[in-house]
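Commentary on secondary and tertiary structure
The residues making up each chain are set out below.
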Amino acid sequence: MTATTRRTSNAATTRRAALGLFGGAVLLGASSGRVLAAAGAAKDQDILNEAAVLRDPDIPAAGNPKGDITIVEFFDYQCPYCRKIAPDLRALVKEDGKVRLVSKDWPILGPVSVYAARLVLATRYQNKFIEAQDALISLDTRLTEAIARDRLAKAGIDVDRAVADLQKNQDAIVAKLKQIDEQATAFGFNGTPSFIVGKFRIPGPITKEQFVLAIADARKAAAAKK
């Protein structure tokens, strides 16, 4: 396909195609707090603990922090599909008003992606994480380390502090990216962007309209279990 995927994957192109992937792949179990994976091992279930996936305290959520539905996005700043979908996804979260958006850096497109992801995670220590993510996912140019620092500075982030915090907390930041990679891999995701909507998985980009439908179905599924 493109450099966006590290293994071959097909994007969901219709609502039914997307939802067809949900039921047969991975479903987060509400009662057990673990993931029920059709082909998953016990190790994957530990990695995909519901709280770790949906409510990771190390990954601040955009949107409504008390929302009834969580969207988890696995993305890379160099991924063209991630950049393209970002404005629509953020607009949808704002329009809906009841969605938590958890954007997890999954840097699979090379060293520059890894550098950017680590630097953004370091901005948590100055409470600028979401601003940093928004600044880099909105890039309309080739990502380099210098451009990453420049765009973060223009977004009002103290880059010198971020660099220092990255050095100080490097082990924790590397461990967090490793955890995210393990989650994405255990879900069977092949590239970016990939999503969890409620307790269903979408292994590829979809349109804003398809997100609306997926959110509605996630809410129906949640209501049916009450």
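Summarised in this report is the structure supplied together with it. Remember, it's a predicted structure, so these values are computed and weren't measured experimentally.

**Examining the nonpolar core**
- Ranked by size, the top nonpolar core spans 43 residues in total, and within it Phe74, Tyr77, Leu136 and Leu152 carry the most contacts.
- Once residues lying within four places of it in the same chain are set aside, the contact partners of leucine 136 are Tyr77, Ala116, Val120, Ala148, Arg151 and Leu152.
- Core analysis: the second largest hydrophobic core is formed by 17 residues, Leu92, Phe200, Ile206 and Ala214 among them.

**Description of helix α4 (residues 80–96)**
- Compared with an ideal rise of 1.5 Å per residue, which puts 17 residues at 24 Å, α4 spans 25 Å between its outermost C-alpha atoms and is within 8% of the ideal.
- Residues of α4 that are buried: Cys82, Arg83, Ile85, Ala86, Leu89, Leu92 and Val93.
- Where α4 is buried, its residues touch β3 (62–63), β4 (69–75), β5 (99–105), α6 (129–137), β6 (194–197) and α10 (208–224).
- Taken from the residues just after α4, glycine 97 is the one with a positive phi, measuring 85°.

**What about the pairing of β5?**
- Where burial is concerned, most of β5 is hidden: seven out of the seven residues are buried.
- Burial along β5 is two-sided: the residues Val99, Leu101, Ser103 and Asp105 and Arg100, Val102 and Lys104 are all buried.
- Strand direction decides the pairing type here: β3 and β5, joined by two bridges, are antiparallel. Of the residues in β5, the one forming a bridge with glycine 63 is arginine 100.
- Here β4 runs beside β5; their pairing, made up of seven bridges, is parallel. When the sheet's bridge partners are listed, phenylalanine 75 is paired in β5 with aspartate 105.
- In this fold, β4 hands off to α4, which returns the chain to β5; that crossover is right-handed.

**Some words on the pattern of salt bridges**
- A complete count under the given rule lists 12 salt bridges for this structure.
- Residue lysine 208 pairs with glutamate 95 through a salt bridge whose shortest N-O separation is 3.0 Å. Residue lysine 208 is located in helix α10, and its partner glutamate 95 is located in helix α4; the two are separated by 113 residues in the primary sequence.
- You can call glutamate 95 exposed: its relative accessible area is 55%.
- Put simply, arginine 151 and aspartate 140 hold a salt bridge, and the shortest N to O gap is 3.7 Å. Residue arginine 151 is found in helix α7 (residues 145–154), and its partner aspartate 140 is found in the loop between α6 and α7; the two are separated by 11 residues along the sequence.
- A relative accessible area of 24% places arginine 151 in the partly exposed class.

Basis of the calculations
Residues numbered from 1 in each chain as written. Predicted model: local features only at pLDDT ≥ 70, side-chain atom pairs only at ≥ 80, totals over all residues. Heavy atoms only, no water. Core = buried A, V, L, I, M, F, W, Y, C linked by side-chain atoms within 4.5 Å. Buried < 20%, exposed > 50% of the residue type's maximum accessible area, 1.4 Å probe, protein only. Contact = heavy atoms within 4.5 Å. Helix = DSSP H or I, 4+ residues; strand = E, 2+ residues; numbered from the N terminus. Expected span 1.5 Å × (residues − 1). Pairing = 2+ DSSP bridges. Right-handed = clockwise from strand over helix to strand, strands pointing away. Salt bridge = Lys/Arg side-chain N within 4 Å of Asp/Glu carboxyl O.

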